[in-house]
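Given next are the chains, with one letter for each unit.
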Amino acid sequence: MAEHQAAVRQDSAAQEVGAFLRARREQIAQRWADEALFRTVFTVSRDEAVEAGRAVVEALAAVAAAGRVEDLGAAGFAAVRDQLGRMAASRARTGASSAQIADEVAALRPAASELLSADLADGSRERAEVCAVTLTALLGTLRLVVLETTLSAGQELIDRQRLQLLEVATPVIKLWTGVVAVPLIGTLDSARSQVVMESLLDAIVSQRAHFAILDITGVPTVDSLVAQHLMKTVAAARLMGAECIVSGIRPAIAQTIVHLGIDLGEVVTRASLADALAYALNRQGIAIVDKDRSGQSAR
(Lines give C-alpha, C1' and ligand atoms only; values in the text may rest on other atoms or scores of the structure.)
Protein backbone atom coordinates (compact mmCIF):
# COMPACT_ATOMS: atom_id res chain seq x y z
CA MET A 1 0.00 0.00 0.00
CA ALA A 2 2.79 2.40 0.93
CA GLU A 3 4.61 1.70 -2.31
CA HIS A 4 1.42 2.31 -4.26
CA GLN A 5 0.84 5.62 -2.50
CA ALA A 6 4.44 6.67 -3.20
CA ALA A 7 4.03 5.82 -6.88
CA VAL A 8 0.81 7.85 -7.02
CA ARG A 9 2.54 10.81 -5.39
CA GLN A 10 5.44 10.61 -7.84
CA ASP A 11 3.09 10.41 -10.81
CA SER A 12 1.11 13.35 -9.48
CA ALA A 13 4.33 15.30 -8.96
CA ALA A 14 5.45 14.53 -12.51
CA GLN A 15 2.14 15.80 -13.87
CA GLU A 16 2.46 18.94 -11.77
CA VAL A 17 6.04 19.56 -12.89
CA GLY A 18 4.91 19.13 -16.49
CA ALA A 19 2.17 21.71 -16.02
CA PHE A 20 4.65 24.04 -14.31
CA LEU A 21 7.12 23.79 -17.20
CA ARG A 22 4.44 24.62 -19.76
CA ALA A 23 3.18 27.56 -17.72
CA ARG A 24 6.65 28.92 -17.07
CA ARG A 25 8.21 28.01 -20.42
CA GLU A 26 8.90 31.60 -21.46
CA GLN A 27 10.47 32.65 -18.14
CA ILE A 28 12.67 29.55 -18.00
CA ALA A 29 13.76 30.00 -21.62
CA GLN A 30 14.68 33.62 -20.97
CA ARG A 31 16.83 32.64 -17.99
CA TRP A 32 18.45 29.73 -19.83
CA ALA A 33 19.39 32.01 -22.71
CA ASP A 34 21.90 33.66 -20.37
CA GLU A 35 23.42 30.38 -19.20
CA ALA A 36 26.74 29.22 -20.70
CA LEU A 37 25.28 26.27 -22.63
CA PHE A 38 22.98 28.54 -24.67
CA ARG A 39 24.93 31.80 -24.53
CA THR A 40 28.14 30.36 -25.95
CA VAL A 41 26.34 28.50 -28.76
CA PHE A 42 23.94 31.21 -29.91
CA THR A 43 26.39 34.11 -29.95
CA VAL A 44 24.78 36.08 -32.78
CA SER A 45 21.18 36.31 -31.62
CA ARG A 46 19.78 35.94 -28.12
CA ASP A 47 16.36 35.31 -29.64
CA GLU A 48 17.70 32.08 -31.12
CA ALA A 49 18.92 31.02 -27.69
CA VAL A 50 15.49 31.75 -26.20
CA GLU A 51 13.76 29.79 -28.97
CA ALA A 52 16.06 26.83 -28.38
CA GLY A 53 15.35 27.08 -24.66
CA ARG A 54 11.60 27.03 -25.30
CA ALA A 55 11.95 23.84 -27.35
CA VAL A 56 13.92 22.10 -24.60
CA VAL A 57 11.45 23.16 -21.88
CA GLU A 58 8.55 21.93 -23.99
CA ALA A 59 10.29 18.58 -24.44
CA LEU A 60 10.85 18.30 -20.68
CA ALA A 61 7.18 19.11 -20.07
CA ALA A 62 6.15 16.30 -22.43
CA VAL A 63 8.48 13.84 -20.68
CA ALA A 64 7.11 14.82 -17.25
CA ALA A 65 3.50 14.61 -18.43
CA ALA A 66 4.20 11.06 -19.63
CA GLY A 67 5.57 10.18 -16.18
CA ARG A 68 8.97 9.15 -17.62
CA VAL A 69 11.26 11.63 -15.87
CA GLU A 70 14.12 9.10 -15.62
CA ASP A 71 13.73 7.51 -19.06
CA LEU A 72 16.43 8.44 -21.59
CA GLY A 73 14.30 6.98 -24.35
CA ALA A 74 11.20 9.03 -23.55
CA ALA A 75 9.43 10.22 -26.69
CA GLY A 76 9.54 13.82 -25.52
CA PHE A 77 13.32 13.94 -25.92
CA ALA A 78 13.16 12.87 -29.57
CA ALA A 79 12.07 16.36 -30.65
CA VAL A 80 15.16 18.05 -29.20
CA ARG A 81 17.90 15.43 -29.61
CA ASP A 82 19.12 17.05 -32.83
CA GLN A 83 19.02 20.47 -31.19
CA LEU A 84 20.93 19.24 -28.15
CA GLY A 85 23.38 17.37 -30.39
CA ARG A 86 24.16 20.51 -32.40
CA MET A 87 24.61 22.51 -29.21
CA ALA A 88 26.90 19.92 -27.65
CA ALA A 89 28.91 19.60 -30.88
CA SER A 90 29.28 23.37 -31.04
CA ARG A 91 30.61 23.46 -27.48
CA ALA A 92 32.97 20.56 -28.22
CA ARG A 93 34.38 22.39 -31.26
CA THR A 94 35.29 25.31 -29.02
CA GLY A 95 37.30 22.97 -26.80
CA ALA A 96 34.72 22.17 -24.11
CA SER A 97 35.10 18.70 -22.60
CA SER A 98 32.23 16.28 -21.97
CA ALA A 99 32.50 17.01 -18.24
CA GLN A 100 32.28 20.75 -18.87
CA ILE A 101 29.23 20.32 -21.11
CA ALA A 102 27.60 18.16 -18.42
CA ASP A 103 28.26 20.88 -15.84
CA GLU A 104 26.70 23.47 -18.13
CA VAL A 105 23.57 21.34 -18.42
CA ALA A 106 23.49 20.93 -14.63
CA ALA A 107 23.69 24.73 -14.32
CA LEU A 108 20.24 24.98 -15.92
CA ARG A 109 18.54 23.51 -12.84
CA PRO A 110 18.69 26.49 -10.44
CA ALA A 111 16.77 28.79 -12.80
CA ALA A 112 13.89 26.32 -13.09
CA SER A 113 14.01 25.30 -9.41
CA GLU A 114 13.70 28.90 -8.22
CA LEU A 115 10.57 29.44 -10.29
CA LEU A 116 9.10 26.13 -9.09
CA SER A 117 9.75 27.01 -5.46
CA ALA A 118 8.07 30.39 -5.97
CA ASP A 119 4.99 28.79 -7.53
CA LEU A 120 4.67 26.23 -4.72
CA ALA A 121 5.48 28.58 -1.86
CA ASP A 122 1.87 28.68 -0.69
CA GLY A 123 1.38 24.90 -0.81
CA SER A 124 2.45 22.13 1.52
CA ARG A 125 6.13 21.58 2.17
CA GLU A 126 5.89 17.88 1.34
CA ARG A 127 4.31 18.64 -2.04
CA ALA A 128 7.02 21.19 -2.83
CA GLU A 129 9.78 18.73 -1.91
CA VAL A 130 8.37 15.91 -4.06
CA CYS A 131 8.03 18.26 -7.03
CA ALA A 132 11.55 19.59 -6.49
CA VAL A 133 12.96 16.04 -6.47
CA THR A 134 10.99 15.22 -9.62
CA LEU A 135 12.33 18.31 -11.40
CA THR A 136 15.87 17.46 -10.31
CA ALA A 137 15.49 13.92 -11.66
CA LEU A 138 14.07 15.24 -14.93
CA LEU A 139 16.96 17.65 -15.46
CA GLY A 140 19.40 14.88 -14.49
CA THR A 141 17.94 12.79 -17.29
CA LEU A 142 18.35 15.74 -19.65
CA ARG A 143 22.00 15.85 -18.65
CA LEU A 144 22.41 12.18 -19.52
CA VAL A 145 20.65 12.69 -22.86
CA VAL A 146 23.06 15.50 -23.72
CA LEU A 147 26.06 13.37 -22.75
CA GLU A 148 24.75 10.42 -24.76
CA THR A 149 24.22 12.68 -27.77
CA THR A 150 27.67 14.21 -27.35
CA LEU A 151 29.39 10.83 -27.22
CA SER A 152 27.39 9.58 -30.20
CA ALA A 153 28.32 12.64 -32.25
CA GLY A 154 31.95 12.23 -31.19
CA GLN A 155 31.99 8.60 -32.32
CA GLU A 156 30.46 9.55 -35.67
CA LEU A 157 33.18 12.17 -36.13
CA ILE A 158 35.87 9.60 -35.28
CA ASP A 159 34.37 7.14 -37.77
CA ARG A 160 34.31 9.79 -40.52
CA GLN A 161 37.89 10.81 -39.82
CA ARG A 162 38.99 7.16 -39.81
CA LEU A 163 37.38 6.65 -43.21
CA GLN A 164 39.04 9.80 -44.53
CA LEU A 165 42.42 8.54 -43.27
CA LEU A 166 41.84 5.19 -44.97
CA GLU A 167 41.07 6.97 -48.23
CA VAL A 168 44.21 9.11 -47.93
CA ALA A 169 46.28 6.03 -47.09
CA THR A 170 45.08 4.18 -50.21
CA PRO A 171 45.54 6.58 -53.14
CA VAL A 172 44.90 5.46 -56.70
CA ILE A 173 47.63 6.71 -59.05
CA LYS A 174 47.41 7.03 -62.81
CA LEU A 175 50.71 5.63 -64.13
CA TRP A 176 49.92 5.74 -67.83
CA THR A 177 46.96 6.07 -70.11
CA GLY A 178 44.78 3.11 -69.25
CA VAL A 179 46.96 2.05 -66.31
CA VAL A 180 46.21 2.82 -62.64
CA ALA A 181 47.92 1.59 -59.47
CA VAL A 182 47.24 1.36 -55.75
CA PRO A 183 50.42 1.25 -53.62
CA LEU A 184 49.43 -0.48 -50.39
CA ILE A 185 51.36 0.29 -47.22
CA GLY A 186 50.65 -1.27 -43.84
CA THR A 187 48.12 -3.85 -42.70
CA LEU A 188 45.23 -4.68 -44.99
CA ASP A 189 42.10 -5.37 -42.92
CA SER A 190 38.45 -5.71 -43.94
CA ALA A 191 37.62 -2.02 -43.65
CA ARG A 192 40.65 -0.89 -45.58
CA SER A 193 40.24 -3.55 -48.26
CA GLN A 194 36.71 -2.27 -48.87
CA VAL A 195 38.06 1.25 -49.35
CA VAL A 196 40.77 -0.08 -51.69
CA MET A 197 38.19 -1.91 -53.77
CA GLU A 198 35.82 1.07 -54.01
CA SER A 199 38.62 3.52 -54.84
CA LEU A 200 40.12 1.24 -57.46
CA LEU A 201 36.79 0.54 -59.17
CA ASP A 202 35.97 4.26 -59.24
CA ALA A 203 39.39 4.95 -60.80
CA ILE A 204 38.90 2.21 -63.40
CA VAL A 205 35.67 3.88 -64.50
CA SER A 206 36.89 7.50 -64.36
CA GLN A 207 40.25 6.75 -66.02
CA ARG A 208 38.86 4.15 -68.41
CA ALA A 209 41.68 1.92 -67.28
CA HIS A 210 42.34 -1.48 -68.81
CA PHE A 211 45.01 -2.42 -66.25
CA ALA A 212 45.02 -2.03 -62.48
CA ILE A 213 48.11 -2.69 -60.40
CA LEU A 214 47.93 -3.64 -56.71
CA ASP A 215 51.40 -3.08 -55.30
CA ILE A 216 51.92 -4.80 -51.94
CA THR A 217 55.56 -3.86 -51.47
CA GLY A 218 54.63 -1.99 -48.29
CA VAL A 219 52.43 -4.73 -46.84
CA PRO A 220 54.44 -6.36 -44.03
CA THR A 221 52.75 -9.77 -44.04
CA VAL A 222 50.35 -11.71 -46.20
CA ASP A 223 48.03 -14.24 -44.61
CA SER A 224 44.94 -16.04 -45.87
CA LEU A 225 42.71 -13.05 -44.99
CA VAL A 226 44.89 -10.56 -46.89
CA ALA A 227 45.04 -12.95 -49.85
CA GLN A 228 41.26 -13.25 -49.79
CA HIS A 229 40.90 -9.47 -49.88
CA LEU A 230 43.31 -9.27 -52.81
CA MET A 231 41.41 -11.95 -54.72
CA LYS A 232 38.11 -10.15 -54.21
CA THR A 233 39.60 -6.90 -55.48
CA VAL A 234 41.09 -8.64 -58.51
CA ALA A 235 37.73 -10.28 -59.28
CA ALA A 236 35.87 -6.97 -58.93
CA ALA A 237 38.34 -5.20 -61.25
CA ARG A 238 37.97 -8.02 -63.79
CA LEU A 239 34.20 -7.58 -63.76
CA MET A 240 34.77 -3.90 -64.59
CA GLY A 241 36.78 -4.93 -67.64
CA ALA A 242 40.26 -4.32 -66.26
CA GLU A 243 43.09 -6.80 -65.81
CA CYS A 244 44.52 -6.70 -62.31
CA ILE A 245 48.23 -7.23 -61.61
CA VAL A 246 49.64 -7.86 -58.13
CA SER A 247 53.19 -6.59 -57.70
CA GLY A 248 55.72 -6.28 -54.90
CA ILE A 249 55.70 -9.93 -53.87
CA ARG A 250 58.94 -10.26 -51.93
CA PRO A 251 60.68 -13.63 -51.40
CA ALA A 252 59.48 -13.91 -47.80
CA ILE A 253 55.89 -13.21 -48.82
CA ALA A 254 56.16 -15.68 -51.71
CA GLN A 255 57.29 -18.37 -49.25
CA THR A 256 54.41 -17.52 -46.92
CA ILE A 257 51.89 -17.80 -49.74
CA VAL A 258 53.26 -21.20 -50.73
CA HIS A 259 53.37 -22.37 -47.09
CA LEU A 260 49.74 -21.36 -46.55
CA GLY A 261 48.70 -23.10 -49.72
CA ILE A 262 47.09 -19.94 -51.06
CA ASP A 263 46.10 -20.28 -54.71
CA LEU A 264 46.23 -16.96 -56.53
CA GLY A 265 44.68 -18.68 -59.51
CA GLU A 266 45.03 -16.80 -62.77
CA VAL A 267 46.18 -13.58 -61.12
CA VAL A 268 49.12 -11.99 -62.91
CA THR A 269 51.97 -11.28 -60.48
CA ARG A 270 55.18 -9.34 -60.86
CA ALA A 271 58.12 -8.77 -58.53
CA SER A 272 57.97 -4.96 -58.58
CA LEU A 273 55.75 -2.07 -59.58
CA ALA A 274 58.10 -1.31 -62.47
CA ASP A 275 57.74 -4.86 -63.77
CA ALA A 276 53.96 -4.62 -63.49
CA LEU A 277 53.91 -1.33 -65.39
CA ALA A 278 56.17 -2.80 -68.09
CA TYR A 279 53.78 -5.75 -68.42
CA ALA A 280 50.75 -3.47 -68.74
CA LEU A 281 52.46 -1.25 -71.34
CA ASN A 282 53.63 -4.25 -73.32
CA ARG A 283 50.08 -5.61 -73.38
CA GLN A 284 49.00 -2.31 -74.88
CA GLY A 285 51.65 -2.56 -77.58
CA ILE A 286 53.90 0.10 -76.08
CA ALA A 287 57.59 -0.75 -76.33
CA ILE A 288 60.00 0.24 -73.56
CA VAL A 289 63.49 1.14 -74.72
CA ASP A 290 66.37 1.46 -72.26
CA LYS A 291 69.17 3.83 -73.19
CA ASP A 292 72.69 3.92 -71.88
CA ARG A 293 74.43 7.14 -70.95
CA SER A 294 75.65 7.73 -74.51
CA GLY A 295 72.04 7.94 -75.67
CA GLN A 296 72.29 4.70 -77.72
CA SER A 297 69.66 2.03 -77.33
CA ALA A 298 70.81 -0.72 -75.04
CA ARG A 299 70.25 -4.27 -76.24
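Everything here concerns the structure above.
These numbers come from a predicted model, not from an experiment.

Caption draft 1: Structural context of the packing of helix α2 (residues 25–32) against helix α4 (residues 46–65). At their nearest, the axes of α2 and α4 sit 8 Å apart, and the two run at 130° to each other. If you check the angle between α2 and α4, you find them oblique. For α2 against α4, the interelement crossing comes out right-handed. Where α2 abuts α4, its residues R25, E26, I28, A29, Q30 and W32 lie against R46, V50, G53, R54, V56, V57, E58 and L60. Considering only residue class, the contact of α2 with α4 consists of seven nonpolar, two polar and five charged.

Caption draft 2: Layout of the pattern of salt bridges. This model, assessed by the stated rule, comprises 14 salt bridges. In this structure, the salt-bridge partner of R127 is E16, at a minimum N-O distance of 2.2 Å. Taken as a pair, R127 in helix α9 (residues 125–169) and E16 in helix α1 (residues 2–23) lie far apart in primary sequence, 111 residues in all. On the basis of relative accessibility, which here comes to 36%, the residue R127 falls in the partly exposed class. One salt bridge connects R81 with E148, and the closest N-O pair in it is separated by 2.9 Å. With R81 in helix α6 (residues 81–93) and E148 in helix α9, this residue pair connects regions lying 67 residues apart in the sequence. Here the residues in one salt-bridge network are R22, R25 and E58, joined through shared partners.

The rules we used
Within every chain, residues take consecutive numbers counted from 1 along the sequence as written. The model is predicted, so local features are restricted to residues of pLDDT at least 70 and side-chain atom pairs to those at 80 or more, both for listing and for counting; the totals for chains, interfaces and linings are taken over all residues. By convention in this description, side-chain values take in all heavy atoms of the structure and omit both hydrogens and water. Lines fitted to C-alpha atoms define the axes here, with helix axes fitted over just the stretch in contact, and angles between the N-to-C directions of these axes take values from 0 to 180 degrees. Every helix listed is a DSSP run of H or I at least four residues long, and every strand listed is a run of E at least two residues long, numbered separately from the N terminus. Should an angle fall under 35 degrees it is called roughly parallel, over 145 degrees roughly antiparallel, and 65 to 115 degrees roughly perpendicular, with every other angle called oblique. In this scheme the handedness of a crossing depends on how the near helix is turned from the far one: anticlockwise by less than a right angle means left-handed, clockwise means right-handed. What makes two residues a contact is simply this: any of their non-hydrogen atoms within 4.5 Å. Lys, Arg, Asp and Glu make up the charged group, whereas Ala, Val, Leu, Ile, Met, Phe, Trp, Tyr, Cys and Pro make up the nonpolar group; the residues left over, Gly among them, are polar. Within this document, salt bridges are pairs made up of a side-chain nitrogen of Lys or Arg and a carboxyl oxygen of Asp or Glu, the two lying within 4 Å of each other. The buried label goes to any residue with under 20% of its type's maximum accessible area, the exposed label to any with over 50%, and the partly exposed label to all in between, with areas taken from a 1.4 Å probe on protein chains only.

None of this, on its own, says anything about what the molecule does.
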